[in-house]
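# Coordinates in review
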Amino acid sequence: MKKNLRLPALLASLALATSGIAGCSGGSPDATPDSAGQDQVLRVVHGKGGVDKIDFPWLTVGSLPITLLYQPLVIADGTLREVSPALAKSWEVSEDEKTYTFTLGDQKWDDGEPVTGSDVVWSVNTALKAPKVAGLYTDMFKKLEGGMAVADGSAESISGVSGDGQTVSFTLEAPDVDFLPVMAQFMILPEHLLKDTDPLHLDTDPLWSKPVGNGIYKLKELNPGNFIEYEVSDTHEGPTPTFSSVVIQGSADPVSDAQSGKIDYFNTNDVSIVNRMANVDSFVGHEVESLFYRYFVVNVKDNPRMQDPKVREALMYAIDRDSLATNVYSGVAGELITGVPASNSDLFWSGANEYKYDPEKAKSLLEAASYDFSQPLRLRFYYEDDVSRQFMTAISQQLQDIGMEVELLKFQGDSTTELFETRNYDIALKGFSAFSVSQWYGEYTLSNFESVFGEHPDMIAINDRMQNATNEDERKEAILDAQKWEQENNYKLPMFTLPNYIFISNRIKTPDITWGNPFYVFDNHIAEWEIDK
C-alpha cells in the first residue's frame, strides 16, 4: 500500500473498532446497482449495515453522503481553519469583526429553485429549535445577537441574522475566531421544502428518503438495506465531476473488498483494518490527525469514594499508557495527559504533570486518601470490539496490581443513559470526536457531565472565556487555564487520541491536497478526482 504521512508500526493484529468504518451504513458491495460504465462509478464504503435513509445533515457532521448532496456557505481546507467560497461567492467582515455579510452565488436546488439568503436565515433559526442538532452549531448560533432568545424560546427569530435575495448577514455579540470554521461545517437546507415541518421532527422528515440538495451530486436511487446511488446534479454551478455516479455501500470487511476491487474509498480508525491495509498495494492511505478521544469519566458527584482528588490522581499514575499504546493500539494512538495533544505546542501547557506510570506512587496516594481496598472499583465500558475489551482487561489488571479489587462489566443499556442517568460505575471508558480542544473542555460544563462531576463555577468561567475569546491569544490563555484546572481535579482521565485514515484506490487520481478529518466537512476537491489510466 502506498503511504501518505506516516503509517506507524502497523504490525499488531489486534482489532480496534472505535467508531468502525466511519459514518452510518450501507449495503454489501455485492448488492450494488447495475450501472453502465463501471469505470465512471466511484464506490464509497459508509458503514457496515444496510442503508435506510440519508443521514440528517445537522447531526452527522462529516458524512460523505451528506457533503455530496449539500453545501455550506464556505468550505474549509484540511486544517478545518482556512475557508474558501462555497454557496457564498464572497463575504465581508466589519471593522469590529462582529458582522459577516455573505453574497451568494447562483446555485440552485435540485428541483430548480434558487438558493437564497432566506434559505440561510431559515436554516440557522431552525437549527436552534430542532433537538437533534450537533452542539458545534447551536453553541455558535447562540452567540449571535438574539441567538439565546431563540434557544430559550422567548423569540421566534435571531435578531442578528437577516437575509434577502442573494445576501445574508450575521452579527455576533462579540468577535469569535471560530465563526467561519463553524459555518464551513453547517449545511444549508431548503426552506421551501421544510418550512412547514415541526422542528422537533425535522430529522424524521420524509425528505431524507428522497433529498433535494444543492451539491455536486443528487440522489438517483435509495435502495433500503443495500445502497445509495448518486448521479451528477444538473443544477449545480461549478465543474462537472469525472465520476458520473457515486455508490454508497456498506462493507463488513473493507480490506477484502479493497483487495478484490469492489470498493474505491473508505475511512476508518480501526487499527486492525489499518494494519491489514498495509499489505494492499492497490490502495493509497492518508493518515489524518484528529481529536478522536479515548478517556475515562470519573463518577464523582454522588460517589463519596471517588471524591478525594488523591484517588483520581492515583488512577492516572496506575495506568501504563506507554505499554497500552504499544501493545494494544499498535503504536497508532497518541498519548494524552491533558485534553490538548502535546504535539499542539501552541496550546499545550508545558507545566502539565506527565503522570508517568508509577504504581508505588498510586498506592501511596490511595493509602493517603484512606481508600477502601475491600470494595471493588466499578469499571465500565460500552464498546463491543475485541481491542476495547482487551484494553479494559489490561486496565483492570493494572488497577489490581496496585491492590484494587476491580469489577469489570460492559454497560447493558445505551451509553448516554448509563453514563449520565444510571451512573452505576466509578470510572467508565468514553469516546469523543471533537472539532476543537475547546469542545473537549466545554464538556465539563454540560448539564449531563455536571450530573457526574457536579457544577464548578470556576470551570464555567474558564469555559466562558474560551468560548467568547475575541482572538487567538485570549483563547490560548483560557485553554492553558483549563488544562491547569483539569489536572488539579482529574474528573476526566485522558488516555489517547486516535488518528483517522482515508484509503483510496490507486485507480483514482486525486489532487495534491491536505486531507482533513473525515468526521468533519473539508474540501476534498472531488470534482478533480479522475480515473488514473
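## Section: the overall build of the chain
- A count of helical and extended segments in the chain gives 17 helices and 22 strands.
- The C-alpha radius of gyration of the chain comes to 24 Å, within 12% of the 24 Å expected for a compact globule of 533 residues.
- When the backbone C-alpha atoms are referred to their principal axes, the chain occupies close to 70 × 55 × 40 Å.
- Buried residues in the chain amount to 57% of all 533 residues.
- Counting 43 positive and 80 negative side-chain charges, the chain places the centres of these two groups 4 Å from one another.

## Brief notes about the pattern of salt bridges
- Summed over all chains, the structure comprises 24 salt bridges.
- Salt-bridge contacts for Arg81 lead to Glu472; the nearest nitrogen and oxygen are separated by 3.6 Å. Of this pair, Arg81 sits in the loop between β3 (74–76) and β4 (83–85) while Glu472 sits in helix α17 (residues 472–489), and the two are 391 residues apart along the sequence.
- Among the residues examined, Arg81 registers a relative accessible area of 33% and is labelled partly exposed.
- Classification of Glu472 as partly exposed rests on a relative accessible area of 44%.
- We note a salt bridge from Glu229 to Lys220, for which the minimum N-O separation is 3.9 Å.

## Concerning the sheet that holds strand β16 (residues 377–381)
- In spatial order, the strands read β15-β19-β14-β18-β16-β17; together these six strands make up an open sheet with mixed pairing. What marks the edges here is a single partner per strand, and that holds for β15 (334–335) and β17 (406–410).
- The sheet contact formed by β16 and β17 spans five bridges and is parallel. Looking at the pairing, Leu379 lines up with Leu408 of β17.

## Overview of the confidence of the model for the chain
- Taken residue by residue, the chain gives an average pLDDT of 90. The fraction at 70 or more is 92%.
- Scored below 50 in pLDDT, residues 1–27 shows 113 contacts in the model against residues more than four places distant or in partner chains.

## Brief notes about the sheet that holds strand β8 (residues 167–171)
- Strand order in this open sheet of four strands is β5-β6-β8-β7, and the pairing throughout is antiparallel. Each edge of the open sheet is held by one strand with a lone partner, namely β5 (88–93) and β7 (161–164). Strand-to-strand twist across the sheet, computed as the mean angle between neighbouring axes with direction ignored, equals 15°.
- Judged from the five bridges that link them, strand β6 (residues 99–104) and β8 form a sheet pairing that is antiparallel. Bridging from a neighbouring strand, Thr101 pairs with Ser169 of β8.
- Against the sheet, helix α2 (residues 117–127) touches β6, β7 and β8, its axis set at about 155° to β7.

## Here we look at the packing of helix α9 (residues 309–318) against helix α11 (residues 359–368)
- The geometry of α9 relative to α11 is characterised by a closest axis approach of 8 Å and an angle of 165° between their N-to-C directions. Between α9 and α11, the angle is such that the two are roughly antiparallel. In terms of crossing hand, the pair formed by α9 and α11 is left-handed. Of the residues in α11, those touching α9 at Lys310, Val311, Glu313, Ala314, Tyr317 and Ala318 are Pro359, Lys361, Ala362, Leu365, Leu366 and Ala368.
- In the contact of α9 with α11, the residues fall into nine nonpolar, no polar and three charged.

## Considerations on the pairing of strand β10 (residues 227–232)
- When strand β9 (residues 217–223) meets β10, the two strands line up antiparallel, connected through six bridges. Bridge pairing in β10 places Lys218 opposite Glu231.
- Pairing geometry for β10 and strand β11 (residues 245–249), over five bridges, is antiparallel. Across the sheet, residue Tyr230 finds its bridge partner in β11, namely Val246.

## Things to note about the nonpolar core
- Counting 156 residues, the largest nonpolar core has Phe170, Phe296 and Phe391 as its most contacted members.
- In this structure, Phe391 is in contact with Phe296, Leu324, Val328, Tyr329, Leu429, Met495 and Phe496, ignoring residues within four places of it in sequence.

## Digging into the environment of Asp139
- As for its position among the elements, Asp139 is in helix α3 (residues 135–141).
- C-alpha separation for the pair Asp139 and Thr393, spaced 254 residues apart in sequence, amounts to 37 Å.

## What about unusual backbone geometry?
- The phi dihedral of Arg423 falls on the positive side, at around 55°, and the residue is not glycine.
- Along the chain, Arg423 turns up in the loop between α13 (415–422) and β18 (427–433).

## Things to note about helix α16 (residues 457–467)
- Every buried residue of α16 is listed here: Met459, Ile462, Asn463, Met466 and Gln467. Projected down its long axis, α16 shows its buried positions confined to an angular sector of 130°, all on one face.
- For α16, the elements touching its buried residues are α14 (437–442) and α17.

## Some thoughts on the packing of aromatic side chains
- Overall, the coordinates contain 37 aromatic pairs when judged by the stated rule.
- Ring centres 5.8 Å apart and planes at 40° place the aromatic pair Tyr444 and Phe453 in the tilted group. Note on accessibility: Tyr444 and Phe453 belong to one class, buried.
- In textbook terms, an aromatic cluster arises when at least three aromatic residues are bridged by ring pairs, as seen for Phe56, Trp58, Tyr70, Trp122, Tyr137, Phe141, Phe186 and Trp208.
- Lying over the aromatic face of Tyr295, Lys492 brings its terminal NZ or CZ to 5.0 Å of the ring centre.
- One residue, Lys492, lies across the ring of Phe449, its end atom 5.9 Å from the ring centre.

About the cut-offs
- Residues numbered from 1 in each chain as written.
- Predicted model: local features only at pLDDT ≥ 70, side-chain atom pairs only at ≥ 80, totals over all residues.
- Heavy atoms only, no water.
- Helix = DSSP H or I, 4+ residues; strand = E, 2+ residues; numbered from the N terminus.
- Rg over C-alpha atoms; globule rule 2.2 N^0.38 Å.
- Buried < 20%, exposed > 50% of the residue type's maximum accessible area, 1.4 Å probe, protein only.
- Lys, Arg positive; Asp, Glu negative; His and termini not counted.
- Charge placed at Lys NZ, Arg CZ, Asp CG, Glu CD.
- Salt bridge = Lys/Arg side-chain N within 4 Å of Asp/Glu carboxyl O.
- Pairing = 2+ DSSP bridges.
- pLDDT = per-residue confidence, 0-100.
- Contact = heavy atoms within 4.5 Å.
- Axes fitted to C-alpha atoms, helices over the stretch in contact; angles between N-to-C directions.
- Parallel < 35°, antiparallel > 145°, perpendicular 65-115°, else oblique.
- Left-handed = near helix turned anticlockwise from the far one by under 90°.
- Nonpolar A, V, L, I, M, F, W, Y, C, P; charged D, E, K, R; others polar.
- Core = buried A, V, L, I, M, F, W, Y, C linked by side-chain atoms within 4.5 Å.
- Arc of directions from axis to C-beta.
- Phe/Tyr/Trp six-rings, centres within 6.5 Å; stacked < 30°, edge-to-face > 60°.
- Lys NZ or Arg CZ within 6 Å of the ring centre and 35° of its normal.

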